[in-house]
Amino acid sequence: MAFDIHPLRAWEVARSEADLPYHSHEQWLDWLLRQERGAITLFIAWRDGIAVGHAMLAWNPRGDIYVERAGCPWIYDVLTHPDFRSRGIGTALLRACEAAAIARGQPIIGIGVSITNTRARNLYERLGYADTGLGSQITSGFSTGPDGITHMWEEQVQYLTKTLIPTP
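Residues numbered from 1 in each chain as written. Predicted model: local features only at pLDDT ≥ 70, side-chain atom pairs only at ≥ 80, totals over all residues. Heavy atoms only, no water.

A. Structural detail: the nonpolar core. Ile 75, Ile 109, Tyr 124 and Tyr 129 are the most contacted members of the largest nonpolar core, which totals 25 residues. Contributions of two or more residues to this core are made by strand E2 (40-47), strand E3 (50-58), helix H4 (89-103), strand E5 (108-114) and helix H5 (118-126). Sorting elements by how many residues they give to this core places H4 first, with seven residues. Filtering out sequence-adjacent residues up to four positions away, Tyr 129 remains in contact with Ile 75, Glu 98, Ile 109, Ile 111, Tyr 124, Leu 160, Thr 161 and Lys 162. In this structure, Val 13, Leu 20, Ile 40 and Leu 42 belong to the second largest nonpolar core, which totals 14 residues. (Core = buried A, V, L, I, M, F, W, Y, C linked by side-chain atoms within 4.5 Å. Buried < 20%, exposed > 50% of the residue type's maximum accessible area, 1.4 Å probe, protein only. Helix = DSSP H or I, 4+ residues; strand = E, 2+ residues; numbered from the N terminus. Contact = heavy atoms within 4.5 Å.)

B. Broad picture of the pairing of strand E4 (residues 74-80). Note that E3 and E4 share five bridges and pair antiparallel. Bridging from a neighbouring strand, Ala 58 pairs with Trp 74 of E4. Where E4 and E5 come together, two bridges link them in parallel fashion. Each bridged residue has a counterpart across the sheet, and for Trp 74 the counterpart in E5 is Gly 110. (Pairing = 2+ DSSP bridges.)

C. A look at unusual backbone geometry. Positive phi, close to 50°, is recorded for Asp 77, a residue that is not glycine. Among the secondary structure elements, Asp 77 is positioned in strand E4. Looking at Asp 77, the relative accessible area reads 37%, which means it is partly exposed. Positioned with a positive phi, Ser 86 is a non-glycine residue whose angle comes to about 65°. Examined against the element boundaries, Ser 86 turns out to sit in the loop between E4 and H4.

Worth remembering: the numbers are spatial, not functional.
Below is the structure:
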């Protein structure tokens, strides 16, 4: 399956939002603003003009004690539209994040995965992400859905990292 992955462009927000209706309009605009400020890169996967997935790479993540202590870019919000799963899009999104981190000279990259999401964890481990040894941690936050309603979420997360540039 051929698809294109690149950072979100301002003119693509409405199309991305329509094709991936899992976040509020405000969330999409916030991501775009944060990307324009250089805090994140939001990669969008496209197939035939349709947004089929995304992954956000935070360059200097804040809000989670362990992630901050890890001191490396962190991948969040890896999502593939259900109709396009198991076609390599998640792998390609992660590779795009890794390539961006390498281009900035970052030797390590991290990702968290819900302990109940074995499918995602299997993918991450196949791609070389390994348990940090921290054990699982409870993390929480707020998200606003496309319906405009803000919900609190909480999940038990396992932290994984991957060495991108070996140290001599």
